[in-house]
Amino acid sequence: MKRRDFLRAASVPAAATTASATAGLGAAQETTETSGGTATGTATGTSTGTGTATGTASGSGGGGGSGETVTVTVGPGGSLVFEPGTSEPLQIAPGTTVEFVWDSDNHNIVVENQPDGANWQGHQPLENTGFTYTHTFDTLGTYEYYCEPHRTAGMVATIEVVENPNAGGGGGGEKELHELGVPIHAHWVGAATILGILVTVIFTFYILKYGESAHTGTGRN
(Lines give C-alpha, C1' and ligand atoms only; values in the text may rest on other atoms or scores of the structure.)
Protein backbone atom coordinates (compact mmCIF):
# COMPACT_ATOMS: atom_id res chain seq x y z
CA MET A 1 0.00 0.00 0.00
CA LYS A 2 1.27 3.47 -0.89
CA ARG A 3 1.91 5.98 1.87
CA ARG A 4 -0.79 8.34 0.62
CA ASP A 5 -3.35 5.56 0.41
CA PHE A 6 -2.50 4.41 3.96
CA LEU A 7 -2.81 7.92 5.45
CA ARG A 8 -6.10 8.50 3.64
CA ALA A 9 -7.52 5.23 4.97
CA ALA A 10 -6.27 5.89 8.54
CA SER A 11 -7.78 9.38 8.70
CA VAL A 12 -11.36 8.14 8.09
CA PRO A 13 -11.75 5.96 11.25
CA ALA A 14 -9.94 8.60 13.36
CA ALA A 15 -12.42 11.29 12.28
CA ALA A 16 -15.35 8.95 12.88
CA THR A 17 -14.08 8.13 16.39
CA THR A 18 -13.72 11.82 17.29
CA ALA A 19 -17.20 12.70 15.98
CA SER A 20 -18.90 9.83 17.77
CA ALA A 21 -17.15 10.56 21.06
CA THR A 22 -18.17 14.22 20.81
CA ALA A 23 -21.80 13.20 20.20
CA GLY A 24 -21.70 10.93 23.24
CA LEU A 25 -20.25 13.75 25.36
CA GLY A 26 -23.04 16.10 24.29
CA ALA A 27 -25.70 13.54 25.20
CA ALA A 28 -24.08 12.87 28.57
CA GLN A 29 -24.12 16.53 29.54
CA GLU A 30 -27.89 16.92 29.01
CA THR A 31 -29.60 18.30 32.13
CA THR A 32 -33.15 18.59 33.41
CA GLU A 33 -34.59 21.89 34.66
CA THR A 34 -37.74 22.39 36.71
CA SER A 35 -39.38 25.33 38.43
CA GLY A 36 -40.60 25.36 42.02
CA GLY A 37 -38.83 22.16 42.94
CA THR A 38 -35.64 20.20 42.74
CA ALA A 39 -34.41 18.03 39.90
CA THR A 40 -31.98 15.21 39.63
CA GLY A 41 -30.88 13.38 36.52
CA THR A 42 -28.53 10.75 35.20
CA ALA A 43 -27.06 10.47 31.75
CA THR A 44 -24.97 7.96 29.85
CA GLY A 45 -23.11 8.08 26.57
CA THR A 46 -21.00 5.67 24.55
CA SER A 47 -18.09 6.17 22.18
CA THR A 48 -20.27 4.97 19.28
CA GLY A 49 -22.11 8.26 19.29
CA THR A 50 -25.28 7.06 21.02
CA GLY A 51 -26.50 8.46 24.32
CA THR A 52 -29.54 8.28 26.55
CA ALA A 53 -30.65 10.62 29.33
CA THR A 54 -33.19 10.11 32.07
CA GLY A 55 -34.26 12.41 34.90
CA THR A 56 -36.69 12.72 37.76
CA ALA A 57 -38.01 15.87 39.36
CA SER A 58 -39.89 16.54 42.55
CA GLY A 59 -41.10 19.65 44.30
CA SER A 60 -43.57 20.92 46.83
CA GLY A 61 -45.66 24.04 46.78
CA GLY A 62 -46.27 26.41 49.64
CA GLY A 63 -48.32 24.92 52.44
CA GLY A 64 -48.18 21.44 50.96
CA GLY A 65 -46.65 20.04 54.14
CA SER A 66 -43.36 18.23 54.47
CA GLY A 67 -44.67 15.57 56.87
CA GLU A 68 -41.39 15.64 58.80
CA THR A 69 -40.96 15.61 62.57
CA VAL A 70 -38.31 17.66 64.38
CA THR A 71 -37.46 17.31 68.06
CA VAL A 72 -36.82 20.30 70.34
CA THR A 73 -35.41 19.48 73.77
CA VAL A 74 -36.80 21.61 76.59
CA GLY A 75 -34.13 22.32 79.24
CA PRO A 76 -31.57 19.75 78.05
CA GLY A 77 -29.53 18.48 81.00
CA GLY A 78 -30.98 21.20 83.22
CA SER A 79 -29.83 24.02 80.92
CA LEU A 80 -32.25 26.92 80.55
CA VAL A 81 -32.55 26.71 76.76
CA PHE A 82 -34.62 25.18 74.00
CA GLU A 83 -32.40 23.07 71.77
CA PRO A 84 -32.50 23.87 68.90
CA GLY A 85 -34.07 27.30 68.92
CA THR A 86 -32.32 29.38 71.57
CA SER A 87 -28.79 29.78 70.20
CA GLU A 88 -30.12 30.17 66.64
CA PRO A 89 -33.58 29.95 65.05
CA LEU A 90 -34.89 26.53 64.12
CA GLN A 91 -35.84 26.58 60.42
CA ILE A 92 -38.49 24.12 59.21
CA ALA A 93 -40.68 23.65 56.14
CA PRO A 94 -44.45 24.18 56.21
CA GLY A 95 -46.27 21.12 57.54
CA THR A 96 -43.41 20.06 59.82
CA THR A 97 -44.40 18.69 63.23
CA VAL A 98 -42.23 19.85 66.14
CA GLU A 99 -42.06 17.54 69.15
CA PHE A 100 -41.08 19.33 72.36
CA VAL A 101 -39.50 16.93 74.85
CA TRP A 102 -38.96 18.00 78.47
CA ASP A 103 -35.50 17.06 79.79
CA SER A 104 -35.75 18.95 83.08
CA ASP A 105 -38.47 20.23 85.40
CA ASN A 106 -40.74 23.26 85.69
CA HIS A 107 -40.84 24.47 82.09
CA ASN A 108 -43.62 25.60 79.80
CA ILE A 109 -44.09 27.13 76.35
CA VAL A 110 -45.61 30.60 76.06
CA VAL A 111 -46.08 32.05 72.56
CA GLU A 112 -44.92 35.67 72.30
CA ASN A 113 -45.19 36.38 68.55
CA GLN A 114 -46.42 34.43 65.55
CA PRO A 115 -47.50 35.14 61.93
CA ASP A 116 -50.97 36.40 61.10
CA GLY A 117 -53.32 33.50 60.57
CA ALA A 118 -51.33 31.10 62.75
CA ASN A 119 -53.06 29.61 65.76
CA TRP A 120 -50.32 28.21 67.94
CA GLN A 121 -51.40 28.19 71.58
CA GLY A 122 -48.17 26.85 73.06
CA HIS A 123 -48.35 24.85 76.30
CA GLN A 124 -48.63 27.05 79.38
CA PRO A 125 -48.96 24.47 82.19
CA LEU A 126 -45.62 23.72 83.86
CA GLU A 127 -44.38 20.22 83.06
CA ASN A 128 -41.51 18.02 84.20
CA THR A 129 -38.97 15.60 82.75
CA GLY A 130 -40.43 13.09 80.30
CA PHE A 131 -43.39 15.17 79.16
CA THR A 132 -43.87 15.68 75.41
CA TYR A 133 -45.94 18.16 73.43
CA THR A 134 -46.32 18.37 69.64
CA HIS A 135 -47.55 20.99 67.20
CA THR A 136 -47.61 21.11 63.39
CA PHE A 137 -46.53 24.43 61.85
CA ASP A 138 -48.31 25.22 58.57
CA THR A 139 -48.14 29.02 58.28
CA LEU A 140 -45.00 30.65 56.91
CA GLY A 141 -43.30 33.14 59.21
CA THR A 142 -41.45 33.58 62.51
CA TYR A 143 -42.64 32.17 65.82
CA GLU A 144 -41.13 33.44 69.09
CA TYR A 145 -41.75 31.73 72.41
CA TYR A 146 -40.30 31.38 75.91
CA CYS A 147 -40.43 29.51 79.20
CA GLU A 148 -42.29 31.76 81.64
CA PRO A 149 -40.41 30.82 84.88
CA HIS A 150 -37.01 31.16 83.17
CA ARG A 151 -37.55 33.91 80.63
CA THR A 152 -35.29 36.35 82.45
CA ALA A 153 -32.56 33.68 82.44
CA GLY A 154 -32.64 33.62 78.65
CA MET A 155 -34.87 30.61 78.03
CA VAL A 156 -36.38 31.99 74.82
CA ALA A 157 -36.43 30.52 71.32
CA THR A 158 -37.46 31.09 67.71
CA ILE A 159 -38.93 28.89 65.00
CA GLU A 160 -38.88 30.04 61.37
CA VAL A 161 -41.20 28.34 58.89
CA VAL A 162 -39.75 28.87 55.41
CA GLU A 163 -40.17 27.31 51.97
CA ASN A 164 -36.56 26.09 51.66
CA PRO A 165 -35.06 25.60 55.15
CA ASN A 166 -31.85 24.11 53.73
CA ALA A 167 -31.17 26.91 51.24
CA GLY A 168 -28.07 29.03 51.80
CA GLY A 169 -26.45 26.42 53.98
CA GLY A 170 -23.00 27.34 52.72
CA GLY A 171 -21.30 26.35 49.49
CA GLY A 172 -17.81 25.69 50.76
CA GLY A 173 -15.95 22.43 50.90
CA GLU A 174 -15.20 19.85 48.29
CA LYS A 175 -17.96 18.63 46.00
CA GLU A 176 -18.51 15.32 44.28
CA LEU A 177 -18.44 15.28 40.48
CA HIS A 178 -22.18 14.68 40.18
CA GLU A 179 -22.81 17.75 42.38
CA LEU A 180 -21.11 19.97 39.80
CA GLY A 181 -23.83 19.24 37.24
CA VAL A 182 -21.67 17.10 34.92
CA PRO A 183 -22.25 13.32 34.88
CA ILE A 184 -19.17 11.21 35.57
CA HIS A 185 -19.56 9.41 32.25
CA ALA A 186 -18.81 12.61 30.36
CA HIS A 187 -15.31 12.74 31.83
CA TRP A 188 -14.52 9.24 30.63
CA VAL A 189 -15.81 10.01 27.13
CA GLY A 190 -13.71 13.19 26.99
CA ALA A 191 -10.59 11.36 28.16
CA ALA A 192 -11.12 8.64 25.56
CA THR A 193 -11.53 11.26 22.82
CA ILE A 194 -8.28 13.03 23.73
CA LEU A 195 -6.41 9.73 23.96
CA GLY A 196 -7.66 8.67 20.52
CA ILE A 197 -6.55 11.97 18.97
CA LEU A 198 -3.08 11.71 20.54
CA VAL A 199 -2.57 8.14 19.33
CA THR A 200 -3.64 9.13 15.81
CA VAL A 201 -1.27 12.12 15.70
CA ILE A 202 1.70 10.09 16.99
CA PHE A 203 1.08 7.25 14.55
CA THR A 204 0.72 9.68 11.62
CA PHE A 205 3.94 11.49 12.60
CA TYR A 206 5.79 8.18 12.75
CA ILE A 207 4.60 7.20 9.26
CA LEU A 208 5.49 10.59 7.79
CA LYS A 209 8.95 10.61 9.39
CA TYR A 210 10.10 7.07 8.72
CA GLY A 211 8.08 6.25 5.62
CA GLU A 212 6.50 2.95 4.71
CA SER A 213 7.49 -0.25 6.39
CA ALA A 214 10.08 -2.38 4.66
CA HIS A 215 7.52 -5.17 4.58
CA THR A 216 4.84 -3.11 2.81
CA GLY A 217 4.27 -4.27 -0.74
CA THR A 218 5.43 -1.78 -3.41
CA GLY A 219 4.91 -3.85 -6.50
CA ARG A 220 8.65 -4.51 -6.77
CA ASN A 221 10.49 -7.71 -5.85
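Keep in mind that this is a model prediction, so the values were computed, not measured.

Engineer: Account for the overall build of the protein chain, with residues named and values stated.
Structural biologist: Along the backbone of the protein chain there are two helices and 11 strands. Counted over contacts in the protein chain with a minimum sequence separation of 6, partners at least 24 positions apart contribute 64%. Working note: accessible area of the protein chain is about 14,100 Å², and carbon and sulfur atoms make up 53% of it.

Engineer: Run through the confidence of the model for the protein chain, naming residues and quoting values.
Structural biologist: Of the residues in the protein chain, 57% reach a pLDDT of 70 or more, and the chain-wide mean stands at 73. Confidence, read as mean pLDDT per element, is least for strand 2 (residues 51–58) in the protein chain (36) and greatest for strand 10 (residues 141–146) (98). Low pLDDT, under 50, characterises residues 169–175; the predicted model gives this stretch one contact beyond four residues in sequence or across chains.

Engineer: Could you give an account of the pattern of salt bridges, with specific residues and numbers?
Structural biologist: The final tally for this structure, using the stated rule, is one salt bridge. Where E112 meets R151, a salt bridge forms, and the shortest distance between an N and an O atom there is 2.6 Å. Taken together, the residues E112 in strand 7 (residues 107–113) and R151 in the loop between strand 10 and strand 11 (156–161) connect sequence positions 39 residues apart.

Engineer: Quick one: what's the story with the packing of aromatic side chains, residue by residue and with numbers?
Structural biologist: Taken as a whole and assessed by the stated rule, the structure comprises nine aromatic pairs. Consider the rings of W120 and F137, whose centres lie 4.9 Å apart with planes at 70 degrees: the pair is edge-to-face. With a gap of 17 residues between them, W120 in the loop between strand 7 and strand 8 (123–127) and F137 in strand 9 (residues 132–137) connect regions that are remote in the sequence. For the residue pair W120 and F137, the accessibility class agrees, reading buried in each case. Note on F137 and Y143: the rings are 5.0 Å apart at their centroids and 80 degrees apart in plane angle, and the pair reads as edge-to-face. Comparing F137 with Y143, the two get one shared label, buried. One Lys or Arg, R151, reaches over the ring of Y146 and ends 4.1 Å from the middle of that ring.

Engineer: Any chance you could break down the side chain of T158 for me, citing the residues and the numbers?
Structural biologist: By secondary structure assignment, the location of T158 is in strand 11. Apart from residues lying up to four places away in sequence, T158 is in contact with G85, P89, L90, T142, Y143, E144 and Y145.

Engineer: Can you tell me about the pairing of strand 6 (residues 96–102), naming the residues and giving the values?
Structural biologist: Every regular strand shows the same layout, with side chains that alternate between the two sheet faces. What you see with strand 6 is a clean split: T96, V98, F100 and W102 sit on the buried side and T97, E99 and V101 on the side with no burial. In terms of strand pairing, strand 3 (residues 69–74) meets strand 6 through six bridges, oriented parallel. In the sheet register, T73 faces strand 6, and the bridge partner there is V101. Across six bridges, the pairing between strand 6 and strand 9 is antiparallel. Paired with T97 across the bridge in strand 9 is T136.

Cut-off values and rules
Residues numbered from 1 in each chain as written. Predicted model: local features only at pLDDT ≥ 70, side-chain atom pairs only at ≥ 80, totals over all residues. Heavy atoms only, no water. Helix = DSSP H or I, 4+ residues; strand = E, 2+ residues; numbered from the N terminus. Contact = heavy atoms within 4.5 Å. Areas by Shrake-Rupley, 256 points an atom, 1.4 Å probe, with all protein chains shown as cover. pLDDT = per-residue confidence, 0-100. Salt bridge = Lys/Arg side-chain N within 4 Å of Asp/Glu carboxyl O. Phe/Tyr/Trp six-rings, centres within 6.5 Å; stacked < 30°, edge-to-face > 60°. Buried < 20%, exposed > 50% of the residue type's maximum accessible area, 1.4 Å probe, protein only. Lys NZ or Arg CZ within 6 Å of the ring centre and 35° of its normal. Pairing = 2+ DSSP bridges.

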